[in-house]
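Report on the structure
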Amino acid sequence: MFQPPFSALDNVVADIRDHGYALLAPADLQRMTGCSRLELDALLPSWNDLPADEHLRDGGRYRYRRHASYRVQAGVLEDVPHRAHWQSLDYNALHGGMSRWFEPISDETRLQRAWSRILTSLGDVCDQVRGPETWSVEAHQFRIDTGEGIGRPTPEGAHRDGVDFVAVFLLARHRIKGGETRVFEADGPTGLRFTLEEPWSLMLMDDPRVIHESTPIQPLEEGETGHRDTLVITYRAGGFQDEV
């Protein structure tokens, strides 16, 4: 597997500006958020309680998720009443143009210090790259499993999300193979491929500048079920997509 080219924490903003993305190793994520590994890991059990995604248009039953929305400005996190997730068909040809209601992220998760620190710390990085904004934020807990033999982290294929920044945290790889991450220039020939393996590895992308995807996963051994857990958080200036 290709190893991720992690950035030093002090270079994250410059790397996003120069390349359109940056990757952080778990130790540097702890430094960025000011959270211990124990605080971060306290969030992980909630991935065992994700309901099935009922909106998959490919007919699959391999994705489980919860969703929450916020606004972040100058380090202040504001809850947004539970709302549908909506993307334009321009960005998601498979699931765009439809209001997708997912079960909310639990209060137990939302009230943990590590959760709010992740959201505000990423908002601070976005401010440094793009300038201060009121960010409309969506957080998605995902589990992709191999119960049907194959699971697709990005069934829509290589894509942009229609936001300003996308953060993807790898939280678990359990008895799977595949799940390679691929990042391409949106307007150029350069691409990168790697596999996130260690829990709390982070990929942060400037969404207008890059296209990304993750390859399908399969069970490590025939007849068993494995899974891949991620946390995806998006930041968008000017409101949520369906507000514009």
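Refer to the preceding data block for the structure.
Residues numbered from 1 in each chain as written. Predicted model: local features only at pLDDT ≥ 70, side-chain atom pairs only at ≥ 80, totals over all residues. Heavy atoms only, no water.

Considering the state of the cysteines
- Tallied over the full model, the rule gives zero disulfides.
- Here Cys 126 stays unpaired: no disulfide links it, and the sulfur of Cys 35, its closest cysteine neighbor, is 17 Å away. (Disulfide = S-S within 2.5 Å.)

Describing the pairing of strand 2 (residues 63–73)
- Summarising burial for strand 2: eight of the eleven residues are buried, a large majority.
- Note: strand 2 against strand 4 (residues 134–145), eleven bridges, orientation antiparallel. Pairing of Arg 71 across the sheet is with Ser 136, part of strand 4.
- Taking the residues that link successive antiparallel strands as the turn, the strand 2-strand 3 (residues 76–80) hairpin has two residues, and the phi of Ala 74 there is positive, at about 50°. (Buried < 20%, exposed > 50% of the residue type's maximum accessible area, 1.4 Å probe, protein only. Helix = DSSP H or I, 4+ residues; strand = E, 2+ residues; numbered from the N terminus. Pairing = 2+ DSSP bridges.)

Remarks on the nonpolar core
- Leu 122, Phe 169, Ile 233 and Tyr 235 are the most contacted members of the largest nonpolar core, which has 38 residues in total.
- The dominant element in this core, judged by the number of residues it contributes, is helix 5 (residues 113–130), at eight residues. (Core = buried A, V, L, I, M, F, W, Y, C linked by side-chain atoms within 4.5 Å.)

Description of the sheet that holds strand 10 (residues 210–214)
- As summarised here, the arrangement of the three strands in space is 8-7-10, forming an open sheet in which the pairing is antiparallel. On the outer flanks of this sheet lie strand 8 (191–194) and strand 10, each paired with one strand and no other. Mean inter-strand twist for the sheet, computed between neighbouring axes without regard to direction, equals 15°.
- Judged from the four bridges that link them, strand 7 (residues 181–185) and strand 8 form a sheet pairing that is antiparallel. Considered in strand 8, the bridge of Phe 184 is made with Gly 191. (Axes fitted to C-alpha atoms, helices over the stretch in contact; angles between N-to-C directions.)

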